[in-house]
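This is what each chain is made of:
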Amino acid sequence: MILCAGEALIDMLPRKTEAGGDAFEPVAGGAVMNTAVALGRLGADVQFFSGLSNDLFGDVIKAHLEASKVDVSPANFSDDPTTLAFVKLVNGQAYYAFYDENTAGRLLSEADLPEVTADALFFGGISLVVELCAKAYEALMLQEAPNRLTMIDPNVRPSFIKDETAYRDRIQRMMAAADIIKTSDEDLEWLVGNTDATQLLSGDTRVILLTKGAEGVSIVTKDGVEDVPAAQANITEGSDTIGAGDTFNAGFLAGLDRQGCLSKERLAGADLAAATALGAKAAAITVSRAGANPPWADEL
């Protein structure tokens, strides 16, 4: 079982009306929720923990998760509103404007933490930026990391960060506690000022997954670097990169799950290249279509 802990929100995706006017379509999204959905579709046993709203958008998110076979029982439900993210697409690349004040996700606190029964936990996204929820997710990770496999993807959104010092300090603590860190070359440059992933191999961290877009993924461990090529994506008009990294995270974890390696002890014996290739293949399908729409197992 994998517990994904982090944000769920509504992506307001740009669309055109029949009359040619600009419009937005509300679609369930959020980096960590996307990873949970992708895991469920790939056949992994997965749970989702977040602050979810009882409003109409919260109902959309809950239905989306359950339709992808994600267990939402650990989530904390409240009457606070759902976070909205308005998306602007430039050459297929997504840029976001977040509306997140006093939302169900943001007001999540340490008092809302669930009892964990999962083998592995995944964290990341904008849920690690703002308080109260960022403190809650950090507390959950530091509580469980000594005994359970943990993975983090910072998925940095600089425009969303108000207190850069607090965010950097939190991310550094969480990355040091994680068994697996996934980061893009752009995120790593922002976090540490360069793209040398080996410097993250400290504390408890044993695997770094450095994604480099069309150049593939570098697996960095104490034994060296192994490069895995990107999978071929069928790019068409209207396709975009939304959810690609989130799907990769799910594919990698699903790969470990299929090998029976969802534990600290068994990670050392995992075929990391095979798990990475599964992540890359799943991500290639996601970027071949519009929005965060991860593949089901039979599509692979």
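Because the structure is a prediction, the values reported are computed rather than measured. (Residues numbered from 1 in each chain as written. Predicted model: local features only at pLDDT ≥ 70, side-chain atom pairs only at ≥ 80, totals over all residues. Heavy atoms only, no water.)

(A) Examining the packing of helix α4 (residues 164-177) against helix α5 (residues 185-192) more closely. Interhelical geometry of α4 versus α5 gives an angle of 115 degrees and a closest axis separation of 11 Å. The orientation of α4 relative to α5 falls into the category roughly perpendicular. Considering the relative orientation of α4 and α5, their crossing is left-handed. On the side of α4, the interface is formed by Glu164, Tyr167, Arg168, Ile171, Gln172 and Met175, while α5 contributes Trp190, Leu191 and Val192. In terms of residue class, the contact of α4 with α5 is made up of six nonpolar, one polar and two charged. (Axes fitted to C-alpha atoms, helices over the stretch in contact; angles between N-to-C directions. Helix = DSSP H or I, 4+ residues; strand = E, 2+ residues; numbered from the N terminus. Parallel < 35°, antiparallel > 145°, perpendicular 65-115°, else oblique. Left-handed = near helix turned anticlockwise from the far one by under 90°. Contact = heavy atoms within 4.5 Å. Nonpolar A, V, L, I, M, F, W, Y, C, P; charged D, E, K, R; others polar.)

(B) Representation of the sheet that holds strand β7 (residues 84-90) in the model. Read across the sheet, four strands follow the order β3-β2-β7-β8 without closing on themselves; strand pairing throughout is mixed. The open sheet is flanked by β3 (22-29) and β8 (93-99), the only strands paired with a single partner. Strand-to-strand twist in this sheet, taken as the mean axis angle between neighbours without regard to direction, amounts to 30 degrees. (Pairing = 2+ DSSP bridges.)

(C) Looking closely at the packing of aromatic side chains. Under the definition given, this model contains six aromatic pairs. Look at Phe49 and Tyr137: their rings are 6.0 Å apart centre to centre, the planes differ by 75 degrees, and that puts the pair in the edge-to-face class. With Phe49 in strand β4 (residues 46-49) and Tyr137 in helix α3 (residues 133-144), this pair connects stretches of sequence that are 88 residues apart. Between Tyr96 and Phe98, the aromatic rings sit 5.6 Å apart at their centres with planes inclined by 15 degrees, giving stacked as the arrangement. (Phe/Tyr/Trp six-rings, centres within 6.5 Å; stacked < 30°, edge-to-face > 60°.)

(D) Main features of the pattern of salt bridges. Enumeration over the complete set of coordinates arrives at 17 salt bridges. Of the charged contacts, one joins Glu299 and Arg289 as a salt bridge, the two residues approaching to 2.8 Å between their closest N and O atoms. Pair noted here: Glu299 is in the segment after α8 (272-286) and Arg289 is in the segment after α8, with a separation of 10 residues, a long-range link. Classification of Arg289 as partly exposed rests on a relative accessible area of 21%. (Salt bridge = Lys/Arg side-chain N within 4 Å of Asp/Glu carboxyl O. Buried < 20%, exposed > 50% of the residue type's maximum accessible area, 1.4 Å probe, protein only.)

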